[in-house]
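One-letter residues, chain by chain:
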Amino acid sequence: MTHGSTHRAVSDHAAVAAAARAERGTWMLAALYPSSATARGVAKHIRNGSEKYPAYLPVGSYEAYAARAGDDEALWVRYVAGKEPVKPLPDHMTVRVRHEGGGPGYEGVGVITVAISTRCPACGGPRGWDTVTAHSFRHDDAWLVVDRWTNPCGHTDMYDAVVRESRDRPLPPPPIALPPGGATGPVAVVLSAAQVRPAMHAAQAALLLEEQGYVNAAELIRAELRARRGHMSAKQAAAYLTECGSPAASLRTTTSTRTTP
Ligand SMILES: [Zn+2]
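Every chain begins its residue count from 1, and numbering advances along the sequence as written. In view of the model being predicted, local features appear only for residues whose pLDDT reaches at least 70, and side-chain atom pairs are presented and counted only at 80 or more, with totals across whole chains, interfaces and linings using the full set of residues. To obtain the side-chain values, all non-hydrogen atoms of the structure were included, while hydrogens and water were left out.

S.K.: Help me understand helix 3 (residues 159–168) in this model?
M.R.: A turn of α-helix holds 3.6 residues, and therefore any two residues three or four places apart point the same way. Within helix 3, the full set of buried residues consists of V162, V163, E165 and S166. Angularly, the buried residues of helix 3 cover 160° about the axis, an arc narrow enough to put them on a single face. Residues R167 and D168 are exposed on helix 3 and point more than 90 degrees away from its buried face. Buried residues along helix 3 sit against strand 4 (92–99) and strand 5 (110–117). To sort residues, take the accessible area from a 1.4 Å probe on protein chains only and compare it with the maximum for the residue type: under 20% means buried, over 50% means exposed, and anything in between is partly exposed. Counting from the N terminus, the helices are the DSSP runs of H or I reaching at least four residues and the strands are the DSSP runs of E reaching at least two. Picture the helix axis, draw a direction to every C-beta atom, and the arc is the one those directions span. We call two residues in contact when some of their heavy atoms are within 4.5 Å.

The structure is reproduced here in structure tokens:
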């Protein structure tokens, strides 16, 4: 293995900066470092407009991040100066992938939804998070839908590897999207649960609310779920509760105060 070699850290930042400037908005591999701390440090210097990296000045002209690339840590940069805003690179992407299941043969084949980093594990470059398209395939008598995407770096993500990655490298839960004024009570309960389980269904949300004493909110969701013929995710349930805005929905019946009807 060649990790630990120092020549990899040598990079012509002037050339990289010029190439990035010529293709505004496109992420470019700037350097590989044996140490992740070093790569992260350089990325921070560039973002902060440090005099140590004059090629990327003035401050704010370039974005930079460090990401794992095999045995190395890669530094990626892009030029963003200009009037038109550049599409921000999200930290993670949620995709539906084919899962082979644990059973013999094709038993247990299905689709699971996973959250993965938007960084390609092979090179650290951005994945094609903005190219995700749905693709149906037939399995037994059912049509299943998975997502496909194309990484600009050319590396192909295999579903097996993506499933492993979502298990081995769990992402920190993203910040909860709160409605204006902040989510409280049952809405907050459902949103936090749905952040951990992106595929959570509204029926599960209703069950959870009931367990936590939000009986009215659970009933509201179940009624709406029937109206929507069962097509409702937990996040949609939270949005529905927010729309309702009924104070009764937020009433909590704790086991200690619950009265038998
Ligand atoms: Zn790649």
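Alright, that's what it looks like, and here's the rest.
S.K.: Would you mind going over the pattern of salt bridges with me for this structure?
M.R.: Opposite charge on two side chains permits them to pair, given that their charged atoms come into close proximity. Salt bridge criterion: a side-chain nitrogen from Lys or Arg within 4 Å of a carboxyl oxygen from Asp or Glu. Tallying each qualifying case throughout the model produces nine salt bridges. Note that E73 and R68 form a salt bridge whose closest N and O atoms lie 2.9 Å from each other. Under the relative-accessibility criterion, E73 is labelled buried at 7%. By relative accessible area, which is 37% here, R68 ends up partly exposed. The closest approach of N and O atoms between E210 and R222, which form a salt bridge, is 3.0 Å. Highlighted residues: E210 in helix 5 (residues 202–211) and R222 in helix 6 (residues 215–227), separated in sequence by 12 residues. Residue E210 is classed as partly exposed on the basis of its relative accessible area of 30%. Connected through salt bridges with shared partners, the residues R127, D157 and E165 form a single ionic network.

S.K.: What is the right way to read the coordination of the zinc ion from this model?
M.R.: Each angle at a metal carrying four tetrahedral donors should ideally be 109.5 degrees, and each at a metal carrying six octahedral donors should ideally be 90 or 180 degrees. Coordination of the zinc ion by the protein comes from C120 (SG), C123 (SG), C153 (SG) and H155 (ND1), over a distance range of 2.0 to 2.3 Å. Note: metal donors comprise N, O and S atoms at 2.8 Å or less from the metal (3.2 Å for Na, K and Ca); water molecules are not included, so apparent gaps in a site are possible. The rule is simple: four donors are tetrahedral if all their angles sit between 85 and 135 degrees, four are square planar and six octahedral if opposite donors span more than 155 degrees and the others lie between 65 and 115, and anything that fits none of that is irregular. Every donor counted, the four donor atoms about the zinc ion form angles of 107 to 113° at the centre, which fits tetrahedral coordination. Mapping the donors of the zinc ion onto the primary sequence yields the spacing C-x2-C-x29-C-x1-H. The exposure class of C120 is buried, given its relative accessible area of 2%. Given the relative accessible area of 12%, C123 is considered buried.

S.K.: It is not clear to me how the sheet that holds strand 3 (residues 72–79) should be interpreted in this structure. Could you clarify?
M.R.: Strand pairing in a sheet takes place through backbone hydrogen bonds and is either antiparallel or parallel in direction. Reading across from one edge, 1-3-2 is the order of the three strands in this open sheet, with antiparallel pairing throughout. Of all the strands in the sheet, just strand 1 (28–33) and strand 2 (62–69) have a single pairing partner and so form its edges. The sheet shows a mean angle of 25° between the axes of neighbouring strands, taken without regard to direction. Here, strands pair whenever DSSP counts at least two bridges between them. Both strand 1 and strand 3 contribute to a ladder of five bridges, which runs antiparallel. For A31, the partnering residue across the bridge sits in strand 3 and is L75. Sitting on the sheet, helix 1 (residues 13–22) is in contact with strand 1, strand 2 and strand 3, with an inclination near 155° to strand 1. Only the contacting stretch of a helix is used when fitting its axis, a line to C-alpha atoms as for every element, and angles between N-to-C directions run 0 to 180 degrees. Where helix 2 (residues 36–47) meets the sheet, its contacts fall on strand 1, strand 2 and strand 3, and the angle it forms with strand 2 comes to roughly 170°.

S.K.: Would you take a moment to explain the pairing of strand 6 (residues 133–139) for this structure?
M.R.: Alignment of strand 6 against strand 7 (residues 142–148), held across seven bridges, turns out to be antiparallel. Its bridge partner being in strand 7, A134 is matched across the sheet by D147. In this structure, the hairpin formed by strand 6 and strand 7 is closed by a connection of two residues, where D140 is found at a positive phi of approximately 55°.

S.K.: So what exactly am I meant to see when it comes to the packing of aromatic side chains here?
M.R.: For any pair of aromatic rings, the description consists of the separation of the ring centres together with the inter-plane angle of the planes. Centres within 6.5 Å are what make two rings of Phe, Tyr or Trp a pair, Trp counting through its six-membered ring; a difference in plane orientation under 30 degrees is then read as stacked, over 60 as edge-to-face, and the rest as tilted. According to the stated counting rule, one finds four aromatic pairs in the structure shown. Site record: aromatic cluster; members linked through ring pairs are Y56, Y62 and Y79.

S.K.: Please clarify how the nonpolar core should be interpreted in this entry.
M.R.: The nonpolar side chains of a soluble globular protein tend to be buried with one another. Ranked by internal contacts, the top residues of the largest apolar core, which has 23 residues, are L209 and I221. Mapped onto this core, the elements with two or more residues apiece are helix 4 (185–196), helix 5, helix 6 and helix 7 (234–244). Ranked by residues supplied to this core, first place goes to helix 4 with six residues. Among residues more than four places away in sequence, those in contact with I221 are A202, A206, L209, M232, A237 and L241. We call a set of buried Ala, Val, Leu, Ile, Met, Phe, Trp, Tyr and Cys residues a nonpolar core when their side-chain atoms join them within 4.5 Å. Membership of the second largest hydrophobic core comes to 18 residues, among which are A17, A30, I46 and V77.

S.K.: Explanation requested: the side chain of D147 in the structure shown.
M.R.: Along the chain, D147 falls in strand 7. Excluding anything up to four places from it in sequence, D147 contacts T94, V95, R96, V132, T133, A134 and Y159.

S.K.: Looking at this model, I keep getting lost on unusual backbone geometry. Mind explaining?
M.R.: With glycine set apart, most residues show a phi of negative sign, and most peptide bonds adopt trans. In this structure, the amide linkage connecting L57 to the following residue, P58, adopts the cis form with an omega of 0°. Among the structural elements, P58 can be located in the loop between helix 2 and strand 2. The phi dihedral of D140 is positive, around 55°, even though this residue is not glycine. Locating D140 in the fold gives a position in the loop between strand 6 and strand 7. The exposed category is assigned to D140, whose relative accessible area is 63%. We note that R229 has phi near 55°; this positive angle belongs to a residue other than glycine.

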